[in-house]
Amino acid sequence: MSKQKINKQHKDRVFKFIFGRNKAWTLSLYNAVNGSNYTDPGAIEFNTIEDIIYIGMHNDVSFLFYCFMQMWEQQSSFNPNMPIRFLLHAAQLYDKYMFDHNCYRYGKKLIKLPCPKCVCFYNGTEEQPEGMILSLSDAFIKGEPDIEVKVRMLNINYGKNKALMKACKPLSEYSWLVEAIRQGDKDIEKAVDGALDGMPDNFEIKKFLLMHRAEVKGMFLTEYDEEKILAQERQEGLEEGIVKTNERVVANMLKKALPLQLIEEITQLSEDVIRGIALNLGLVVR
């Protein structure tokens, strides 16, 4: 797939496109996650951070719902740093909330704030548990922290968290769609088209996605491209780490004046590679 096919204006994720616009679907997912049965989608007030306003800072879906500040992120790769990201998002959201509600932060009266709830919806290909808690305190080097952020990570891959999927039909349909694309044609464009066309007619989200087919395709293509880039960067990082490790090991052996044949046997590196490392480091091969 060439990068020229990707419309870079499609910044949103498909998850955000579904659950960050239609309040009925958002409420359905909220109820499923929290075990509640609210019925008024009109009570939802979206306040998602957009990159247009905060350059380099945006989140997937966030909204005020009665006395709660909901923050949702969808991730296609496991990220243990989600609590840090939620901390930064929360700072922006509460700053805006206090401005909108004329809250005077230096006053003697306690400011009442909506309670934050952080959820990360994971649908990556790496095997992860159906649910887990990620804590900001795990990132601190030492000591008892005075700041904590807890993020509830839910695995929304097809076949996972069946009770959650049953409670929220749009989520189960989204999960089906992602799996259908993964199992589809190797050409990602054909896989997206095939999955969209193959969605059962009783899917709630089908009509909406087909009405916005070009946008949805652009989002999936962009996400797919990002995943490939991240995978390449991880592989390059791994290879770079191996090279540096080999250099350190060979350097230590050369400094100890070990013979070339012994270094070859221990490291399983060829003579040319060892001599190349020695040349780069200015060391002598015995």
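The rules behind these values
- Residues numbered from 1 in each chain as written.
- Predicted model: local features only at pLDDT ≥ 70, side-chain atom pairs only at ≥ 80, totals over all residues.
- Heavy atoms only, no water.
- Patch = residues over 30% accessible without salt bridge, like charges linked within 9 Å, V, L, I, M, F, W, Y side chains within 5 Å.
- Areas by Shrake-Rupley, 256 points an atom, 1.4 Å probe, with all protein chains shown as cover.
- Salt bridge = Lys/Arg side-chain N within 4 Å of Asp/Glu carboxyl O.
- Helix = DSSP H or I, 4+ residues; strand = E, 2+ residues; numbered from the N terminus.
- Buried < 20%, exposed > 50% of the residue type's maximum accessible area, 1.4 Å probe, protein only.
- Phe/Tyr/Trp six-rings, centres within 6.5 Å; stacked < 30°, edge-to-face > 60°.
- Pairing = 2+ DSSP bridges.
- Axes fitted to C-alpha atoms, helices over the stretch in contact; angles between N-to-C directions.

Colleague: Just to check I follow, could you spell out a nonpolar patch on the surface for this structure?
Modeller: A cluster of nonpolar residues, Leu87, Phe140 and Ile147, forms a patch on the protein surface that exposes about 250 Å² of accessible area. Residue placement: Leu87 occurs in helix α3 (residues 82–100). A residue is classified by how much of its surface remains accessible, and Leu87, at 33% relative accessible area, is partly exposed.

Colleague: Can you help me understand the packing of aromatic side chains in this one?
Modeller: Each aromatic ring pair is specified by the distance between its two centres and by the angle formed by the two planes. For the structure on display, the rule yields 16 aromatic pairs. With 5.1 Å between their ring centres and 35° between their planes, Phe15 and Phe121 make a pair best called tilted. With Phe15 in helix α1 (residues 14–19) and Phe121 in strand β4 (residues 115–122), this pair connects stretches of sequence that are 106 residues apart. For the pair shown, Phe15 and Phe121 are each scored as buried. Chaining the aromatic ring pairs together yields one cluster made of Phe15, Phe19, Tyr30, Tyr38, Phe46, Phe63, Phe65, Tyr66, Trp72, Phe121 and Tyr174.

Colleague: How should the sheet that holds strand β1 (residues 44–46) be read in this particular structure?
Modeller: Sheets are built from strands that pair by backbone hydrogen bonding, the pairs being arranged parallel or antiparallel. Judged by pairing direction, the sheet is mixed, and its 6 strands sit side by side in the order β1-β2-β3-β4-β6-β5 without closing on themselves. Because the sheet does not close on itself, it has two edges, and the strands there are β1 and β5 (131–135). Ignoring strand direction, the axes of neighbouring strands in this sheet form an average angle of 25°. Where β5 meets strand β6 (residues 150–155), 5 bridges bridge the pair, whose relative direction is antiparallel. Paired with Ile133 across the bridge in β6 is Arg152.

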